[in-house]
Structure formats: structure tokens, C-alpha cells
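# Tertiary structure, described
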Amino acid sequence: MNSRLGSVLLSLLMSASVMAGEYNLTVDRVEIDTGDFVKDGIGYNGASPGPVMRFKEGENVKINVTNNLDEMTSIHWHGLILPFDQDGVPGISFPGIKPGETFTYEFPIQQAGTYWFHSHSGFQEPDGAYGSIVIEPEGREPFRYDREYVVQLTDKHPHSGDRIMRNLKMMPDYYNREQQTVGEFFSDVSENGLMNTVRDRMAWGGMRMMKADVEDLQGFTGLINGKGPDQNWTGLFEPGERIRLRFINSSAMTYFDIRIPGLDMTVVQADGNNVQPVSVDEFRIGVAETYDVIVRPKGEQAYTIFAESMGRSGYARATLAPEEGMEAFVPQLREPARLTMADMGGMSGMDHGDMDMNSSEGMSGMDHSSMEGMDHANMSNMDHSNMKGMDHSGTSGMDHGSMAMGKEGPSDPFYAKGSGLVPTAANGGKFLSYADLKAQDPLYEDREPTREIELRLTGNMERYTWSINGVKYEDADPIRLKYGERVRFKFVNETMMTHPMHLHGMWSILDVGADQWNPIKHTVSVQPGTTVYMETEVDEPGQWAFHCHLSYHAAAGMFRKVIVEGGPESTQAKTDAAAEEGGEA
Amino acid sequence: MTVSKFLVAAATILLSATTFAAGIHGGGHDHGAASGEPGKASEASRTITVEMYDNYYEPGSIIVSPGETVRFVVENKGNLVHEFNIGTPEMHEGHQEEMMMMVEHGVIQGGKLNHDMMEMDMGNGQSMKHDDPNSVLLEPGQRQEVIWKFSDNSNIEFACNVPGHYQAGMYGDVKVQ
């Protein structure tokens, strides 16, 4: 045999074996120790978080998942582009994995970057069932680094997911410690006058929310790679090295503001996709998002990775250091952000003077004789039917600037003008905005969308119902898309909470106003009182989940099934089969 | 680049367009002694072709002799605007602040250079032209030469100071030996 042919054959054989990796994961009951408390949870291969799954672009993976629990489970490969029946959502992609059963996932790896995986069954993910995915690209990266670490965050709560959901349903403010107090009411009265204060509170009550509803789940311990602040996960480095940090927010409910005092962070990837590098002092990571940053610590010293929750009710902390055991200063939590009237979205065009304060209908349940009447819980007795007439659809065209917000705060086009949530860097420097994210090498040609679908993000905090267009998942028809079209989604957030919207199976092209440079993501945060657009090239057949990634919002109904009609014929039969089996999403 | 430095620089610009323009124009000349000086084509000992991609160079580093004059043929093979700039790390850091302003003034827009903006009179006949002899700023597909006579300073890098690019790793060592 010709030696050259031989070597070609050999390399073919080698690449065939390299390019078809087989992996095993077990789903297990585990113990989770946060340093603050120890509790039972769910993990993979005996630990929570599970392992870092390392794949190579172009590889065909085979992953055997064995369910050692006494309940159904599933694994969703968050952000991966794959056949819909491998996507791991019970009731949409497949029936789920029964206790004792091994399910084998098989799919090609068609992308590179930082992703993660988690259970899509019940509240197993908040209970610890998550891990990370790192995919090495076929070619070289458009940036350089000497070493890398996964930095995976979560908000570990002492209560189980089921118990949290029960409590939230019973008393939506159960976990909200930042509620405004009677004392604050009086101080507002002295500053703003009684009627203005009452009107302000009335308006908030109308949305069945409180000013402090930045986070509806407090009382957690922030973990980085499974370690609490005192356990201090530490990544080692040699001074002068370039370090790639792969941040993944696997929290059930918590957004984190991340900084490393003393180091610039250069953001090079968002949601696994390369972006034009942008250097920042701090960034906010939404639930389910990932950001890859490069840092270059030059000093022979430790640096703290500090991740404050958006509502400042907790934090995660880790350390980068030349040697194990070194520590740097750990900052204090900053003052909690407070929502403003601007964050009330559709409500903001409202003239408070027009509210009929004397309407017996509007005031019925309110007890004026006691300040207790302003208590969150008692507000639910109010009949707000008179607020319904307001035109929420006008949100996007609304001129926030005309609102008298008092003082000029920081601004970001992805937050309502005058929003109390606009983040600022602790050192006064650059805070990453979605507007800074530009695709490094756009995946899709820019083209006009074929149609627009409006999705109003809706909810009623008093009943802890969360929905889309006012309809919760159980009562909703699926969203039907046509294979080959490009759909423009218009998210109108009519609630006072931030919702990280996650479309499975197809990329979300986030409209940051950069046309062909708009970045592609798998999770798009929509801030209170804002309208955000994203476009999707409908290039994957089958049926997919589309939901808010806050665990308890998704479970409460802010969730849709998306059906892609048409496409390669072979998938149609599989879609029907997956639907047959049912199961819970 | 530290943001406070940038803010100071930005404030300076607001106060004085002259300072701004002088900053961009002055860079190469003021520090010429440190990194070398503009060379003559006739004295070039060799030609090195440098290809710029998103966001890295090929080759990733070069070796020169002290006092050697090199003719660089720089070609942008990426989809974004890139710079090839010879200087010390400190010079690059200073230049990054200027480049940030060029982005904020819309001179650099992803894959395009706004030439009208570069030519714009900033007052006192100054402009945001990027015309130092130690560097070229190129749109995708463009090709230009830099002829540089190196000194014996061994702390020299060639770098792209388009915001974020240097930090992402778009720089290479010039080894003087």
C-alpha cells in the first residue's frame, strides 16, 4: 500500500474514533454543603454541580444518562443546537427518563463555546441538577488565553424547590425581605406628601407588586462551582497570564452583578457565541446566560470574584490567586436597587392625577384607618379593575423622558428610562450593556423578518401567576412557526420583574440596533417596563420549549411550546411520537 | 485602560479639541526614541508580511536586529477594522484611550472607517486622522505598508488598539536580538 494512502486512512480512522465521544452521567441524590447549611439535593455523577462536559466542535456525542432517583428526570443541553428529540424537555422533546432507566442522547456538536446542562423536570435544577459544557472550536479562537476556568453560579436555597413554589403560591412575598415598611411609608409621606405617597402606593398595588420586588426569592447562599462564600473556590494563576473565565449563571432565580476589583474584564463571548471584545469593570449575568471574559492579573496577589445579587440580598464569592489559601478583600453588598415608576412599564404613561382615588370600586378593600392597609398582603383585596383600561401596548412608543422622575440616574437602552434597576459599576467605570454586544462573526445574513409575533410578559404577583399574553402554559395554544421563516419576536414586559426568556433549539438574534452585527443568544433578559426585540431564523424542525428561565415563573406558566411546521419530512413523525408520550414539562 | 484615565482624557477633549488632535497625532513622534523611528524604504533589509485577522496576527511574533529597518506589508484579512501599531506596552495603553474616542465619535464602526469623520476639522486645523508613521488602521481587505527602523529597545509589541482587541490578545512581541 502507498504510504501516503495509508496515513490518510489512519488519520481517518483516528478522527472517526476521536470524533465520536461516549460519555456517562448518573443522576443521583447528593448532599450539598454551602458553608451556611447542608441539605439534600440532586447532582450528576455524585456531585452538585455535575462535571464539566468537554466536547469538540464536529464531534458526535453519545451520552448515557442513568436515573438513580425514585422520580422521573431529564437533561436539557442548554444552548446547544441539536435535533429536537434530543433536547430533553419532558412532554415536548421526549417522555423523560424513568427511575432506574438509562437514556442515551446522541447528537452532533455543531458549535463551540461555553454552555450548560440541567434537568428540565420539576424543580430538580434548583435542587442541584446542573453542570457545565465547554466546547472547543474546530479552528482557533479569535482571542488568546493561557488557562481557563468555569465559574458556575447558583443561588442555593435551604428550602427545596417544591417547598419554595408552595410558599410562593400561598404567599408571594414569602421570600421578599426587602419590602417597604410602614416607616418608609411615613418617611415618603414627609418627603412627598400624603396624597402623592398614597397615589404612588396605589399605582404599585395596581400592578399587584411592591417597589422592592427586584427579587422574589431571597435567603439563598450564592455558590461558585458549588462553593459558598466562606468555602471560597479558588482558581490559581501565574502573574501575567491571560485567564479565560467562563461565567455561567445556573441560578433558579437570581441575577448577579459580577466584578473582580483590580482587574479589567474583556468580554469575548456571550451565550457561547463570540462577540467583538469589550472591556468592562462589571457585568450583569441573567439567569441561564453565560459570559466568557479574559482577565490578566499581573500582580503577585489574590483577586476576589465578587457576584452580588441584583437585589443585593446575597452574593457569591471566589478568588483568583497565585497560591492556594491567598485571599483578597471581600466588598460589602451595596444598597439594594429600588424599582421606580418607570419600571412599571405600561403604567408609566399614566397621569396619576387621573386615578380615581375616590372610586369606591378602586378603594374597596383598603382600610384607611390603619397603615397596615398598605401592607402587601392586604393590597390583594383591592379591586383594580379600573386599571385594566390602560393601554399597555403603548409601552414601546412611550416617551419615558417626559416622566418626572426626579433625579437623573444612569441610563442603558435596555432599561426603562429612569429605571431603578440600571446597573452601575462599583468603581464608577464601565458596566456592560446588551448594547455593547456585537457579533464577532455573524452566523446569519441580515434580512427582513417575515413577520412579527408580540409576546407580552404578564403576571400577577399577588397570586404568583406568571404568563405570556395573560395566558398560562396549560391554557395556551402552541406558537406555530414555519420552517425557513425569520420571525421577529416583540417582548413587552408588563410586569415589574426581569424575565430571562429562553427559546430552545434555535438562536435568538438580539436586536441591539447593530443590524448584521446583532449578537446571537439563547437567553434574552427583558427588563421591567421595556420592549425588547429578537429575531429567529426558523431553521430547526420539530417542537421546542420557550419560557422564562426563572424556575418558579416557568413553573407558574410563563412558558410556551413552539411548533416548527414543515422542514425535512423525516422529523414530522418524530414530533407526533414525542407528543404521544406526554409527561410534564 | 482604566476608566478613570479615560474619563480624564474625555474631559480634556471636551475642553480642548486641540489636545484631542494633538494626542492622536503626537503618539508616534513623542515616543519615537523608545520604539525606533520611521524608516526609509531604501534601507529596509527585508519585507515581513503581516496578516490581520479577527482578532489576531499572523505571524504572532517577529524577531529583528537592533537598528534594523523592516518593511511591513500589512493586510487586513478579517471582517473588522484593525490596527498594526509598533510601540511599547505603555504607548499602546495610551493609544487605546484615543482609539476609544474614535469609536465613540463613530470613526470606527465595526468593519468600517468613517473617513468623513476622520477628515472632520476638529478646530485649529486638526483632525482625527490616524496617520502616525508607526501604525496603520485598515478596513477589511485593505493593505498598507509601514517602514520602521527599530532601536535596541526590546520591550516592543505590535498591537491592535481598536477597543477590546489588545485585551483579547491581538498583540505580538518584537524580539530584538
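Please read these numbers as outputs of a predicted model, since none were measured by experiment. (Residues numbered from 1 in each chain as written. Chains lettered and ligands numbered in written order. Predicted model: local features only at pLDDT ≥ 70, side-chain atom pairs only at ≥ 80, totals over all residues. Heavy atoms only, no water.)

## Regarding the overall build of chain B
- A tally of helices and strands in chain B yields six helices and twelve strands.
- When each of the 177 residues of chain B is scored for burial, the buried share is 51%.
- Total accessible area computed for chain B in this model is approximately 7600 Å², and 50% of it derives from carbon and sulfur atoms. (Helix = DSSP H or I, 4+ residues; strand = E, 2+ residues; numbered from the N terminus. Buried < 20%, exposed > 50% of the residue type's maximum accessible area, 1.4 Å probe, protein only. Areas by Shrake-Rupley, 256 points an atom, 1.4 Å probe, with all protein chains shown as cover.)

## Section: the confidence of the model for chain A
Residue and element names in this part refer to chain A.
- Per-residue pLDDT for chain A has a mean of 84; in total, 77% of the residues score no lower than 70.
- Predicted confidence is poor over residues 346–407, with pLDDT under 50, and the contacts of this stretch with residues over four places away or in other chains come to 93 contacts.
- Taken together, the stretch residues 581–585 has pLDDT below 50 and engages in 16 contacts with residues farther than four places along the chain or on a different chain. (pLDDT = per-residue confidence, 0-100. Contact = heavy atoms within 4.5 Å.)

## Some words on the environment of G505(A)
All names here are of chain A.
- If you trace the backbone, G505 turns up in the loop between β24 (499–503) and β25 (508–510).
- Given a relative accessible area of 8%, G505 falls into the buried group.
- Distance in space between the C-alpha atoms of G505 and W544 is 6.5 Å, their sequence separation being 39 residues.
- Excluding its chain neighbours within four sequence positions, the residues that come into contact with G505 are I81, E540 and W544.

## Observations regarding the sheet that holds strand β16 (residues 282–285) of chain A
All names here are of chain A.
- Strand order in the open sheet made by the five strands is β11-β19-β18-β13-β16, with mixed pairing throughout. Where the open sheet ends on each side, the last strands, each with one partner, are β11 (233–236) and β16. Strand-to-strand twist of the sheet, defined as the mean angle between neighbouring strand axes without regard to direction, takes the value 20 degrees.
- Here six bridges tie strand β18 (residues 303–309) to strand β19 (residues 315–321), and the two strands are oriented antiparallel to one another. Bridging across to β19, I305 finds its partner in A318. (Pairing = 2+ DSSP bridges. Axes fitted to C-alpha atoms, helices over the stretch in contact; angles between N-to-C directions.)

## As for the interface of chain A and chain B
- Tallying the contact residues gives 21 residues for chain A and 17 residues for chain B.
- Carbon and sulfur atoms supply 45% of the area that chain A and chain B bury against each other, a total of about 1500 Å² over both sides.
- For the pair chain A and chain B, the number of links is nine residue pairs in polar contact (both at pLDDT 80 or more).
- Mapped by element, the contributors of at least two residues to the side of chain A that touches chain B are β14 (265–270) and β15 (273–280) of chain A.
- Looking at which element gives the most residues to the side of chain A that touches chain B, the answer is β15(A), with three residues. (Buried area = accessible area lost by both parts, 1.4 Å probe. Polar contact = N/O pair within 3.5 Å; in protein donor to acceptor, adjacent residues only side chain to side chain.)

## Remarks on a positive patch on the surface
- A surface patch of like charges, here positive, comprises R140(A), R144(A), R296(A) and K298(A).
- Given a relative accessible area of 31%, R144(A) falls into the partly exposed group. (Patch = residues over 30% accessible without salt bridge, like charges linked within 9 Å, V, L, I, M, F, W, Y side chains within 5 Å. Salt bridge = Lys/Arg side-chain N within 4 Å of Asp/Glu carboxyl O. Lys, Arg positive; Asp, Glu negative; His and termini not counted. Charge placed at Lys NZ, Arg CZ, Asp CG, Glu CD.)

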